Amino acid sequence: MSKRDRHGNMRPKEGGKAAPAVPQSRFGPMFSHFRDELDEHHDRRERIIKASRDVTALSKKIIFSCQRVNKLGPLPRRTQEDIDNRMAEIKAHLTSIEPDLASLNRYRYAHSLRCLEELVEALVFAHYLRTQTLLDPDAVEAAVPASIALTEYDYMYGVFDLFGEMMRFATVTAAQTGRLVGGEVVGVGDDGGAAPQDDSSGRRRHILADFHELSVAFELLPEVHDRTFRSKMEAMRTSVRKVEKLGYGIAIRGSERPKGWLPDFKDDHDPGHDE
Amino acid sequence: MDSDTKMTEAPNTRLLDPKIFDHLKNKIDEDQQVRDALSQVIQRLDRAISHVQGLLSRVHATQRSQYPAFLAQVEAGIQDEITVIGELNEMASQHPYYKYNQKWSRSIQNSIFTVLLCGWLGGLSPNSSAESTEPQQGRLVTIEEVGSILKVPVNLKDRDSFHITIEEYLFALVDLTQELSRLAPNAVTLGDPALSIQIASFVGDIFAGFQVLNLKNDALRKRVDGVKYHVQRVEEVVYDLTLRGMVPQGSEDADKPSSS
């Protein structure tokens, strides 16, 4: 504020009205209050974004560890240890932002918490490798190492991303073993549902059957008017096609191919992979 | 990392328990129903707001002497807004506030704006019972007052319920300075330069207030950036008036001095 008004007269020092400690204008206190509130909000958001980034990175690392597994069934000890260590770190990050997500703030920052999707993906994928079943929402919620409520979209989008991981898993194992993971070399279409499904019998469902069951379940969901949903649905269809093609290739040429032959898929253990 | 309890419960003959997707389907349907119901209320709110905004646009052609009758109409219109906001409050409070707030945020901003402008012009006086003679212009309705006028809580932090946010109030405040910057030249045309001077002082003070905020590079920041043009416009009017000696005596002290 200039010392003189537009007539060139000196302004009175804090004249007339009350309001002693007004720094800039008569609305100063009001805006100072708003500033404090907004700063608090921005700081909180910043903390959440940082933690979320770390949790995303750790979840991806869990997924990479899982991708190094080449069969269904109990995870190798080293993989499980790796997962446990990463989960401990994730726990630390998530519990640090627990207070920031209390009450109405859970949804306020839902957008900055995309790490939960990634975490769901990691949990669901590890569980799939172990048991060849889909972890349900309550079990995922229980496995999240902090009291942060998952939304149905966190779960759904995480499971959507499972397709990408299953596709990579199917592809890599097919390259290593010359057949689709689970089930037998012949009878790709056989869903194995009738057979008792345990390790001793050696008969599991084919992974392609799982692809079909899970993707049909998604296709049957009511339409969600959301760009993320649509793009994930597309990605899912692409993954299913790829594994169908893989299964077909094995059924046709499987017998002619030497073990260790790599099919024409470029996605291997690519750390930049971002599903 | 996960208790394999589920494994023992369900035989492993299936990949997934069909209940999972039934659950998801129900959630999606529920979500859609809530959105549809909210849309209907918000549509009615928008209609009420747009009526009040239409009424308020008459201010640019209304003499100050006619404000009492004019403001009475506006206040009646705002009553309609309040009724619908009451319904929205009730419906929205059943769900997490931030899950759906982007659906109505814009409407609530507009509604706050009608309250701010009406209040600035002298309406919605807090002591109407005290039989104030003439409406006084230049009052800033605070966010708390907006809350009590619209009968909704303000800036809730510990309770997940419908409320007015600080951001919504600030957005509406920018709408107010914009509208006043249009009124400033029109007041001169209506032969009321004193009102323009008052606007200049007010808008200048609001501008100074916004300087206090640490704005991030977001929508609010973009909107607030526009305030300087509103200041500029009213200062031009004041400049024109000053140049021609048209500034009414004493009008400047009616309010606090502006920071031009």
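Residues numbered from 1 in each chain as written. Chains lettered and ligands numbered in written order. Predicted model: local features only at pLDDT ≥ 70, side-chain atom pairs only at ≥ 80, totals over all residues. Heavy atoms only, no water.

Under an unreviewed UniProt entry, the name given to chain B is Translin, and the source organism is Sodiomyces alkalinus. According to UniProt, the comment filed for chain B under the heading Sequence similarities (unreviewed entry) is "Belongs to the translin family." (UniProt positions renumbered as here; feature names shortened; annotations may be inferred.)

Per an unreviewed UniProt entry, chain A is named Translin associated factor X, and its organism is Sodiomyces alkalinus. The record held by UniProt for chain A lists under Sequence similarities (unreviewed entry) the comment "Belongs to the translin family."

1. Digging into the pattern of salt bridges
Applying the stated criterion to the full structure yields 30 salt bridges over all chains. The residue Asp 36 of chain A makes a salt bridge to Arg 35 of chain A at a minimum N-O spacing of 3.7 Å. Overall, Asp 36 of chain A belongs to the partly exposed group, its relative accessible area being 44%. Between Glu 213 of chain A and Arg 14 of chain B there is a salt bridge, with its nearest N and O atoms 2.6 Å apart. (Salt bridge = Lys/Arg side-chain N within 4 Å of Asp/Glu carboxyl O. Buried < 20%, exposed > 50% of the residue type's maximum accessible area, 1.4 Å probe, protein only.)

2. Looking at empty space enclosed by the protein
Residue and element names in this part refer to chain B. On inspection of all chains with the given rule, the structure shows four cavities of 30 Å³ or more. Roughly 50 Å³ of internal volume is contained in the second largest cavity. If you go around the second largest cavity, the residues you meet are Val 59, Thr 62, Gln 63, Arg 64, Tyr 67, Leu 183, Ala 187, Leu 190, Asp 192 and Leu 195. When the residues that make up the lining of the second largest cavity are grouped by side-chain class, the tally is six nonpolar, two polar and two charged. No fewer than three residues from each of domain 1 (17-164) and domain 2 (169-260) sit in the lining of the second largest cavity. (1 Å grid on protein atoms, 1.4 Å probe; cavity = no way out; pocket = protein on both sides within 12 Å on 5 of 7 lines; lining within 4 Å. Points joined across faces, edges and corners; volume = space filled by probe spheres on them. Nonpolar A, V, L, I, M, F, W, Y, C, P; charged D, E, K, R; others polar. Domains from an automatic or database assignment.)

3. A closer look at the layout of surface pockets
When its volume is computed, the largest pocket comes out at roughly 1,500 Å³. Along the walls of the largest pocket sit 39 residues, with Tyr 107, Arg 108 and His 111 of chain A together with Tyr 98 and Gln 102 of chain B positioned nearest its centre. Elements with a minimum of two residues in the lining of the largest pocket: helix H1 (28-67), helix H3 (105-108) and helix H6 (152-177) of chain A together with helix H2 (18-56), helix H4 (97-120), helix H6 (166-189) and helix H8 (219-225) of chain B. By residue number, the principal contributor to the lining of the largest pocket is H4 of chain B, which donates six residues. The class makeup of the residues in the lining of the largest pocket is twelve nonpolar, 13 polar and 14 charged. (Helix = DSSP H or I, 4+ residues; strand = E, 2+ residues; numbered from the N terminus.)

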